[in-house]
Amino acid sequence: MEKLYTAQELADMLNLSVETIWRYTRQKKIPTIELGNKQYRYEKEAVLAALAGGNLSVKEEGHVYAKQGDYTYEDYLKLPEEPGYRFEILEGFLVKEPSPSMHHQRLSRELGRRLMTFFDNYDPEGELFFAPLDVTLTISNVVQPDILFISGARREIMRQERIDGPCDLVVEIMSPTNRRKDRLRKMEIYRKAGIPHYWIVDPEEDTLETYKFKDASYTLVFAGGPGDEFTHPDFPGLALDLDRIFHRPVFE
């Protein structure tokens, strides 16, 4: 059987952008093999034959993100899944990033474990979730927070396939490629949505910053890292072992 390629691999071989491969996939101009929900693979020779036989003009669009600024949740749902990448829509702009690193996942796991233990007692009717899970704040803002909490009082925003509305707590773990996005762009989106609590974890600086929505803006409540004692007036009794959360194994 001929080797199957991802959209990214096929794009590299044909000297095209992966967005062009997606466009041909959506338009059914090239043959695909669907492995699951929006997961596609391609046979190179079959694709080349389709392009040649259909007399298609293999050209890039004027801008690989032709709809930038106008993307909506509907457009987002039509995007073929690309293993190894995550997508969000921020104020109508499609953002594509590689999957999180191992340390990123470790931070998410350790922080999430302690938050889950706390909220199980603090708000038993609430639920804690982890990425990937779509949160639609507006038609042009679709985000995937690393960790999010929805209180028992706001369970009505839960849908079968997504969260439709502002969560009570959103946690973003920054990576080298998204520091500005989380600290500026997404913070502003979360502020406009009125999300009560926004936390930023910085793996490079080993810091946790917690912000509270007050008077239409975010106020810093806590900033610290290993060696510091975590406290938060809105979550009495929440104990976060920051030494453990930011711990890196010796082999790293």
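Here, the structure is the one placed above.
This report concerns the structure included in the present document. In this text, all values refer to a predicted model and were calculated from it rather than measured experimentally.

### Side note on the overall build of the chain
Right, so step 1: If you tally the helices and strands in the chain, you get 7 helices and 14 strands.
Right, so step 2: Taken over the C-alpha atoms alone, the chain extends approximately 65 × 45 × 30 Å along its principal axes.
Right, so step 3: Taken across its 252 residues, the chain has 46% of its residues classed as buried.
Right, so step 4: In the chain, of all internal contacts separated by at least 6 residues, the share reaching a separation of at least 24 is 55%.

### Some thoughts on the sheet that holds strand β2 (residues 33-36)
Right, so step 1: Read across the sheet, 3 strands follow the order β1-β3-β2 without closing on themselves; strand pairing throughout is antiparallel. In the strand order of this sheet, the two ends are held by β1 (4-5) and β2, each with one partner.
Right, so step 2: In this structure, β1 lies alongside strand β3 (residues 39-43), joined through 2 bridges in antiparallel fashion. Residue pairing in the sheet places Leu4 in a bridge with Glu43 of β3.

### Focus on the pattern of salt bridges
Right, so step 1: Summed over all chains, the structure comprises 18 salt bridges.
Right, so step 2: In this structure, Arg109 engages Glu110 in a salt bridge whose closest nitrogen and oxygen atoms are separated by 3.0 Å.
Right, so step 3: Taking relative accessible area as the criterion, Glu110 reaches 2% and is therefore assigned buried.
Right, so step 4: Between Asp164 and Arg162 there is a salt bridge whose closest N-O contact spans 3.6 Å.
Right, so step 5: Exposure remark for Arg162: the relative accessible area of 15% places this residue in the buried category.
Right, so step 6: Through salt bridges with shared partners, a single network forms among Glu88, Glu97, Glu172, Lys181 and Lys186.

### So, the environment of Glu43
Right, so step 1: Looking at the element boundaries, Glu43 is found in strand β3.
Right, so step 2: Judged by relative accessible area, Glu43 falls into the partly exposed class, the value being 24%.

### Considering helix α1 (residues 7-14)
Right, so step 1: Within α1, the full set of buried residues consists of Ala7, Leu10 and Ala11. Seen along its axis, α1 keeps its buried residues to an arc of 100°; they face one direction.

### Topic: the environment of Glu204
Right, so step 1: Locating Glu204 in the fold gives a position in the loop between β12 (197-202) and β13 (207-214).
Right, so step 2: With 57 residues separating them in the primary sequence, Glu204 and Ile147 have C-alpha atoms 18 Å apart.
Right, so step 3: Those residues in contact with Glu204, other than ones at most four positions away along the chain, are Pro176 and Arg179.

### Concerning the sheet that holds strand β11 (residues 169-173)
Right, so step 1: Pairing within the open sheet is mixed, and its 6 strands lie in the order β6-β9-β11-β12-β13-β14. A single partner strand is all that each edge strand has here, and the edge strands are β6 (127-130) and β14 (217-224). The sheet shows a mean angle of 15° between the axes of neighbouring strands, direction not considered.
Right, so step 2: Bridge count for β13 against β14 is 7 bridges, and the pairing is antiparallel. Of the residues in β14, the one forming a bridge with Lys214 is Ser217.
Right, so step 3: Lying over the sheet, helix α6 (residues 179-193) contacts β11, β12, β13 and β14, oriented at roughly 175° with respect to β12.

Rules used throughout
Residues numbered from 1 in each chain as written. Predicted model: local features only at pLDDT ≥ 70, side-chain atom pairs only at ≥ 80, totals over all residues. Heavy atoms only, no water. Helix = DSSP H or I, 4+ residues; strand = E, 2+ residues; numbered from the N terminus. Buried < 20%, exposed > 50% of the residue type's maximum accessible area, 1.4 Å probe, protein only. Contact = heavy atoms within 4.5 Å. Pairing = 2+ DSSP bridges. Salt bridge = Lys/Arg side-chain N within 4 Å of Asp/Glu carboxyl O. Arc of directions from axis to C-beta. Axes fitted to C-alpha atoms, helices over the stretch in contact; angles between N-to-C directions.

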